[in-house]
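What the coordinates show
Below are the chains, spelled out letter by letter.
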Amino acid sequence: MPTSVKVKTLRIDGRDVSAREDQTILEVARENDIWIPTLCHLDGLSPVGACRLCLVEIKGSTKLLPACVTAVEEGMEVSTQTEGLESYRRMILELLFSERNHVCSICKSNGHCEMQTLAQRLGLTHIHFPYRYPSLPVDLSHELFGMDHNRCILCTRCVRVCAEIEGAHVWDVMGRGVDARIICDLNQPWGTSETCTSCGKCVHVCPTGALFERGRSASEMDKRPEFLPYLTLMRRAGGE
Amino acid sequence: MILPPEKQPMPSDDKRWRLVATAMRRHGYKSHGLIESLHSIQETFGYVSEDALKFTAKMLRVPLSQAYGVASFYHYFNLKPLGRHSCVVCRGTACHIKGSAQILSDLEQLFAVRVGETTEDGSLSLLSAQCLGACGIAPAVVLDGVVMGRAEAESIVHRVEEVVAA
């Protein structure tokens, strides 16, 4: 870290905090034990601002801004928990639940799912939107892992961890809008991929039960994303 | 061994690959030339085949999944060969209000084909566009590259029938 980094001071939820100028609101909030919900964000991966759950209010701005990709500014006054924000966050989660087939009781990640945990924490009791019930495939062609598009929320953590950490870029997103899908290589079965190294990083960063290890039954798929901060730290140490 | 782009073998003996390779060279075989390369493939072959995507990925050193992702994101690129005739119906807001949905469903019914697909006999590909940017002449339909503005469902269907039968 360069020694000449400037320090900015700002207020988050009425608390005075200081931050390095290259930090995001989310980073500073987490350093100060202020909770902001996220699904697509993961420390060690590039931020994309896709899930919109980390939206915060900033005094003087009529727009809601995603905390994970908004840099801190001097004198900023940030609110992370207002009534409006909470209702938007619940709405975003409801839309995610209604978009595909999230059936927790038979999901391998039941009890270990970030989206489920978040829904419980935000007090989600009902989905007020009609479910779309799309007909989506499950890819079980890989001998170790499986991909269930019914549970995918297109957070692109798998895409980013594969491209940025493993360096294989097996995954990407195809199509657009409601037809968007996570694809493997040229939209082919995972088991036929020549680029996949079967490292399993994508499986363990997936926040839901979309990516899982085969041989696990309902509620048995606990994720172990701890490798990511470890790898990030070791690579930074190796680069110095 | 990884060969430099200049020495990569062409996917087949088809001379048209050289046109594609030339387009890639114009952009220095850089990954940001991906969309331009796909354009040249579509112009040369009429569609973007799996071989073409593999070739592009290798030449520009972009991941296969990214090449497919980009090609599938833009409606302009066809991943399957088109029929002898193509009909693009605009689905923009103005065209929608002027009844493009009716035109689409009429054509779908008459030719027994779904939007984005080609009839079984390969005579017609029915496509849609999000907006052709020709809202002033809504609803807009492009039949074999010719724009037809202020299209009425009946006359359009009739015209398409004529062209396909010819």
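A few points on the structure.

How each quantity is defined
Residues numbered from 1 in each chain as written. Chains lettered and ligands numbered in written order. Predicted model: local features only at pLDDT ≥ 70, side-chain atom pairs only at ≥ 80, totals over all residues. Heavy atoms only, no water. Axes fitted to C-alpha atoms, helices over the stretch in contact; angles between N-to-C directions. Helix = DSSP H or I, 4+ residues; strand = E, 2+ residues; numbered from the N terminus. Left-handed = near helix turned anticlockwise from the far one by under 90°. Contact = heavy atoms within 4.5 Å. Nonpolar A, V, L, I, M, F, W, Y, C, P; charged D, E, K, R; others polar. Salt bridge = Lys/Arg side-chain N within 4 Å of Asp/Glu carboxyl O. Buried < 20%, exposed > 50% of the residue type's maximum accessible area, 1.4 Å probe, protein only.

Attention now moves to the packing of helix 1 (residues 16-26) of chain B against helix 3 (residues 50-60) of chain B. Residues and elements named next belong to chain B. At a minimum axis separation of 11 Å, helix 1 and helix 3 run at an interaxial angle of 35°. Along this stretch, helix 1 crosses helix 3, giving a crossing that reads as right-handed. Every residue of helix 3 that contacts helix 1 at Trp-17, Val-20, Ala-21 and Met-24 is listed here: Asp-51, Ala-52, Phe-55, Thr-56, Met-59 and Leu-60. Residue composition of the contact of helix 1 with helix 3, grouped by class: eight nonpolar, one polar and one charged.

Moving on, we get to the pattern of salt bridges. All names here are of chain A. Summed over all chains, the structure comprises 11 salt bridges over all chains. Glu-114 serves as the salt-bridge partner of Arg-157, at 2.9 Å between the closest nitrogen and oxygen. On the criterion of sequence distance, the pair formed by Arg-157 in helix 4 (residues 157-166) and Glu-114 in helix 3 (residues 114-121) is long-range, its members being 43 residues apart. Accessibility expressed as a relative area gives 2% for Arg-157, which makes it buried.

In this chain, Ala-138 of chain B is followed by Pro-139 of chain B through a cis amide linkage whose omega measures -5°. Structurally, the position occupied by Pro-139 of chain B is in the loop between strand 3 (124-129) and strand 4 (141-143). For Tyr-133 of chain A, which is not glycine, the phi torsion reads 45° and is therefore positive. Residue placement: Tyr-133 of chain A occurs in the loop between helix 3 and strand 6 (138-139). Its relative accessible area of 61% is what places Tyr-133 of chain A among the exposed residues. The phi angle at Ser-198 of chain A is positive, at roughly 55°, despite the residue not being glycine. Residue position: Ser-198 of chain A is located in the loop between strand 9 (181-184) and helix 5 (201-205).

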